[in-house]
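Each chain, written out:
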Amino acid sequence: MTTVAMSISEFDSFFLENRKELCGFLRRKFSRFDHAACEDLVHDAYVETREKVSHVFFQPEKGWLRYMRWLISQRAKDRLRQHESKAWSDLTPEPDSTPGNDVAEQERRRGQVTLLSDILQAFCRRCESKDMHQQKEVFERSSRGQKPVEIAQAMDISRGSVDQHLKRARDWVKERTHRADVHGSVLATFHRLWPKKT
Amino acid sequence: MTAQQQKPQFHSLGEVVTWVIEDLGAMCPSLERLEKYCRTPDAPEFSDIRYHVGEAGCHLCGEDLSATGQT
């Protein structure tokens, strides 16, 4: 697809023409957001893109509508990730509060903000870049609650292959998690989700 | 009116994991790969996406696929 650059007035017209469609797309995709929240997110994406259009020669590679759908999806996820951050804070025990410890503690919690979704996304991108789609499917099936024997049956592969894929995937995720998991809470979750005897 | 969204309630870390996968799309394929899948959905290299979109029923990717089909 060939995309042409737009002037600000052209972009404004494009946005006015497509605003309703973008809000509808966002509302259908992220049902947790009400209409007003979708309007806010779409407007924020408009302002962000308009800024780009006004300062640089900006030309989305695969079309303006596709770019705007991608951008509003990213911004919606950013907002949802704030919940993830709060969820970790609510569920992980408060450490002993001692003078001088609070600042360091806040810093550690900030570092934990998007840990889980970031690591799982990184795992998916790694699988895509290395053509490891079978490992990704095994891992996703397991993460959604399927037992190894069920996975083997559904994918028509041996139980041994399932175990091998799961071990490699979990080792990679655990290693990445361990690097940044300050409280050990994410790792603890994985240990509960991935018991040794499956 | 202030923009609102339904805030999820979590009671366990496991519920956060499920939410991250289902609502945040942490296991979703990249948009580029999803578009390739849209063109050749039966290709063997897209078996993981067939599971993700079909059996697991990822609504995030479902909406992206609908939008891709319209443009």
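Here the structure is a predicted model, which is why all the values come from computation and not from measurement. (Residues numbered from 1 in each chain as written. Chains lettered and ligands numbered in written order. Predicted model: local features only at pLDDT ≥ 70, side-chain atom pairs only at ≥ 80, totals over all residues. Heavy atoms only, no water.)

**Q** Whenever I open this one, helix α3 (residues 47–55) of chain B confuses me. Can you help?
**A** Structurally, the α-helix is built with 3.6 residues per turn, so residues lying three or four positions apart point the same way. Within α3 of chain B, the full set of buried residues consists of Asp48, Ile49, Tyr51, His52 and Val53 of chain B. Gly57 of chain B sits one or two positions beyond α3 of chain B and adopts a positive phi of about 65°. (Buried < 20%, exposed > 50% of the residue type's maximum accessible area, 1.4 Å probe, protein only. Helix = DSSP H or I, 4+ residues; strand = E, 2+ residues; numbered from the N terminus.)

**Q** Would you mind showing me how to read the layout of surface pockets here?
**A** Empty space among the atoms becomes visible once a probe the size of a water molecule is rolled across them. In this structure, the largest pocket encloses a volume near 980 Å³. Every element with two or more residues in the lining of the largest pocket is listed here: α1 (8–29), α3 (64–91) and α5 (115–129) of chain A together with α2 (31–39) and α4 (59–70) of chain B. Looking at the lining of the largest pocket element by element, the count peaks at eleven residues for α3 of chain A. Residue composition of the lining of the largest pocket, grouped by class: 17 nonpolar, nine polar and 15 charged. (1 Å grid on protein atoms, 1.4 Å probe; cavity = no way out; pocket = protein on both sides within 12 Å on 5 of 7 lines; lining within 4 Å. Points joined across faces, edges and corners; volume = space filled by probe spheres on them. Nonpolar A, V, L, I, M, F, W, Y, C, P; charged D, E, K, R; others polar.)

**Q** Looking at this structure, I do not really get the nonpolar core. What am I missing?
**A** When a protein is soluble and globular, its nonpolar side chains tend to lie buried together. In this structure, Phe11, Leu26, Phe33, Met68 and Leu120 of chain A together with Val20 and Leu34 of chain B are the most contacted members of the largest nonpolar core, which totals 58 residues. When residues of this core are assigned to their parent elements, the largest contribution, eight residues, is made by α3 of chain A. Val138, Ala152, Val162 and Leu166 of chain A belong to the second largest nonpolar core, which has seven residues in total. (Core = buried A, V, L, I, M, F, W, Y, C linked by side-chain atoms within 4.5 Å.)

**Q** Even after reading the chapter, I still don't get the pattern of salt bridges, so can you show me in this structure?
**A** When the charged atoms of two side chains with opposite charge come close together, those side chains can pair. This structure, assessed with the given rule, holds 22 salt bridges over all chains. Glu35 of chain B is the partner of Arg66 of chain A in a salt bridge, and the nearest nitrogen-oxygen pair spans 2.6 Å. Linking Arg66 of chain A in helix α3 with Glu35 of chain B in helix α2, this pair reaches from one chain into another. Accessibility classification places Arg66 of chain A together with Glu35 of chain B in one group, the buried group. Among the salt bridges present, the one from Glu140 of chain A reaches Lys136 of chain A, with a minimum N-O distance of 3.5 Å. (Salt bridge = Lys/Arg side-chain N within 4 Å of Asp/Glu carboxyl O.)

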